[in-house]
Amino acid sequence: MATFISDGKKLLDVEYDDIVEINDIVDGMRVISKDVRDGEYAVFMLELNGNICCYVFDEVFIIARVNGFETLLDAITAWKRDEI
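Keep in mind that this is a model prediction, so the values were computed, not measured.

A.B. asks: Which parts of the structure should I look at to understand helix H1 (residues 72-80)?
C.D. replies: Every α-helix winds through 3.6 residues per turn, so residues three or four apart in the chain are directed the same way. Buried within H1 we find Ala75, Ala78 and Trp79. Along the axis of H1, the buried positions cluster into a sector of 100°, meaning they face one direction only. Residues of H1 that are exposed and angled more than 90 degrees away from the buried face: Leu73 and Lys80. The secondary structure elements touched by the buried residues of H1 are strand S3 (29-37), strand S4 (40-46), strand S5 (52-58) and strand S6 (61-69).

Right, here's the structure in full:
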């Protein structure tokens, strides 16, 4: 389990080949699911308020961030439909 901190645009103090995995912590939120598409990967994290947040990464760069999903299924469905 690794802990990552971002500045909102990229992960800080990591190598370019570091990849966020399930059960890692990103910005204080635990990663509960992950999916890969076209060289990008999305991580789905549990927010402190119980909602789901999604960060989309290209290497260590955050290219999208959406929070406030009520369920993990809602977040994954949005990712699969290219809504994120």
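We are not done yet, so read on.
A.B. asks: I tried to follow the pairing of S5 on my own but got confused; where do I start?
C.D. replies: If a strand is regular, its side chains alternate between the two faces of the sheet. Across the seven residues of S5, six count as buried, placing the element largely inside the fold. Here S4 pairs with S5 via six bridges, running antiparallel. Residue pairing across strands places Ala42 opposite Val56, the latter belonging to S5. Linking S4 to S5, which pair antiparallel, is a turn of five residues; within it Gly50 sits at a positive phi near 95°. One ladder, built from six bridges, connects S5 with S6; its direction is antiparallel. Pairing of Tyr55 across the sheet is with Arg65, part of S6. If you look at the hairpin formed by S5 and S6, you'll find two residues sitting between the two strands, and Glu59 has a positive phi there, around 60°.

Definitions and limits used
- Residues numbered from 1 in each chain as written.
- Predicted model: local features only at pLDDT ≥ 70, side-chain atom pairs only at ≥ 80, totals over all residues.
- Heavy atoms only, no water.
- Buried < 20%, exposed > 50% of the residue type's maximum accessible area, 1.4 Å probe, protein only.
- Helix = DSSP H or I, 4+ residues; strand = E, 2+ residues; numbered from the N terminus.
- Arc of directions from axis to C-beta.
- Contact = heavy atoms within 4.5 Å.
- Pairing = 2+ DSSP bridges.

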